[in-house]
Amino acid sequence: MYSVFSKIKLLYKPYTQQILKVLEPHELTELQWGLLRYLQEDGPTTFSEIAEYWQVEKPSVTPVAQKLIELDLIEVRPGKDKRQKVMHITESGQLKYRECKASVDLYQSKLLEGVSEQQIKVVNEVLEQLTSNVKKRGLI
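Residues numbered from 1 in each chain as written. Predicted model: local features only at pLDDT ≥ 70, side-chain atom pairs only at ≥ 80, totals over all residues. Heavy atoms only, no water.

This part is about the pairing of strand E2 (residues 74-78). Alignment of E2 against strand E3 (residues 85-89), held across 5 bridges, turns out to be antiparallel. The residue bridging Val76 from the neighbouring strand is Met87, located in E3. Count of turn residues in the E2/E3 antiparallel hairpin: 6 residues. (Pairing = 2+ DSSP bridges. Helix = DSSP H or I, 4+ residues; strand = E, 2+ residues; numbered from the N terminus.)

Below you can see the structure in the form of structure tokens.
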């Protein structure tokens, strides 16, 4: 019964190590890629929203965003409230996103070889339910 958690844990480290290798030619870390992907796929967001999404403290987002700003991949603009800072992806960020996404998609498609769409759907449903259960118990 509990082996599913062991398997998730055993998959996490090698997957993360390989994603780092996939992103290395693009000169991005996994967190930088995650922020860039979020901004491209979900649109502009605040530091607070990313911190909540990543389940970290707001100051943890700052160095990740700062590096992407230095690389001209994102920019920060004032929000509706002048004190609010909203991150936006730049044109060069969109190009970097497409380049990285192609590499990540290729890696992930190799991992999914032999896995049916139905199996992927079931795994997604199980992971969503586990996440929901964790949230209900106040652990996230």
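Let us keep going from here.
As a further point, take the packing of aromatic side chains. Evaluation of the coordinates by the stated rule reveals 3 aromatic pairs. Each ring, one from Tyr38 and one from Tyr53, has its centre 5.0 Å from the other, and the planes form 55°; the classification is tilted. Of this pair, Tyr38 sits in helix H2 (residues 30-42) while Tyr53 is found in helix H3 (residues 47-54), placing the two residues 15 residues apart along the sequence. (Phe/Tyr/Trp six-rings, centres within 6.5 Å; stacked < 30°, edge-to-face > 60°.)

Moving on to a nonpolar patch on the surface. On the surface, a nonpolar cluster with roughly 400 Å² of combined accessible area is contributed by Val4, Phe5, Ile8, Val123 and Leu127. At the level of secondary structure, the elements contributing two or more residues to the nonpolar patch comprise helix H1 (3-23) and helix H6 (117-136). The dominant element in the nonpolar patch, judged by the number of residues it contributes, is H1, at 3 residues. Relative to the elements of secondary structure, Leu127 occurs in helix H6. Judged by relative accessible area, which is 39%, Leu127 ranks as partly exposed. (Patch = residues over 30% accessible without salt bridge, like charges linked within 9 Å, V, L, I, M, F, W, Y side chains within 5 Å. Areas by Shrake-Rupley, 256 points an atom, 1.4 Å probe, with all protein chains shown as cover. Salt bridge = Lys/Arg side-chain N within 4 Å of Asp/Glu carboxyl O. Buried < 20%, exposed > 50% of the residue type's maximum accessible area, 1.4 Å probe, protein only.)

Right, let's get into the environment of Glu41. Looking at the secondary structure, you find Glu41 in helix H2. Taking the C-alpha atoms as reference points, Glu41 and Gln17, separated by 24 residues in sequence, lie 24 Å from one another. Those residues in contact with Glu41 that sit more than four places away from it in its chain are Tyr97 and Lys101. Here Tyr97 takes part through its side chain, which lies 2.7 Å from a polar atom of the side chain of Glu41. (Contact = heavy atoms within 4.5 Å. Polar contact = N/O pair within 3.5 Å; in protein donor to acceptor, adjacent residues only side chain to side chain.)

Within E3, 4 of the 5 residues are buried, which leaves it mostly tucked inside the rest of the structure. Bridging between strand E1 (residues 45-46) and E3 involves 2 bridges; their strand directions are antiparallel. The residue of E3 that forms the bridge with Thr45 is Met87.

This part takes up the side chain of Thr16. Mapped onto the secondary structure, Thr16 falls in helix H1. A residue is classified by how much of its surface remains accessible, and Thr16, at 13% relative accessible area, is buried. Among the polar contacts listed, one links the side chain of Thr16 to the backbone oxygen of Tyr12, at a separation of 2.8 Å.

The subject of this paragraph is the pattern of salt bridges. All told, the structure shown has 3 salt bridges when counted by the stated rule. In this structure, Arg83 and Asp81 form a salt bridge, with 2.8 Å as the shortest nitrogen-oxygen distance. Arg83 sits in the exposed class, given a relative accessible area of 70%.

The 3 strands are arranged E1-E3-E2 in an open sheet whose pairing can be described as antiparallel. In the strand order of this sheet, the two ends are held by E1 and E2, each with one partner. Its contacts with the sheet place H2 against E1, E2 and E3, and it is angled at close to 85° to E3. (Axes fitted to C-alpha atoms, helices over the stretch in contact; angles between N-to-C directions.)

A few words now on the confidence of the model for the protein chain. When the pLDDT values of the protein chain are averaged, the result is 92; 97% of them are 70 or greater. Here H3 is the element of the protein chain with the lowest mean pLDDT, 91, and helix H5 (residues 91-111) is the one with the highest, 97. (pLDDT = per-residue confidence, 0-100.)

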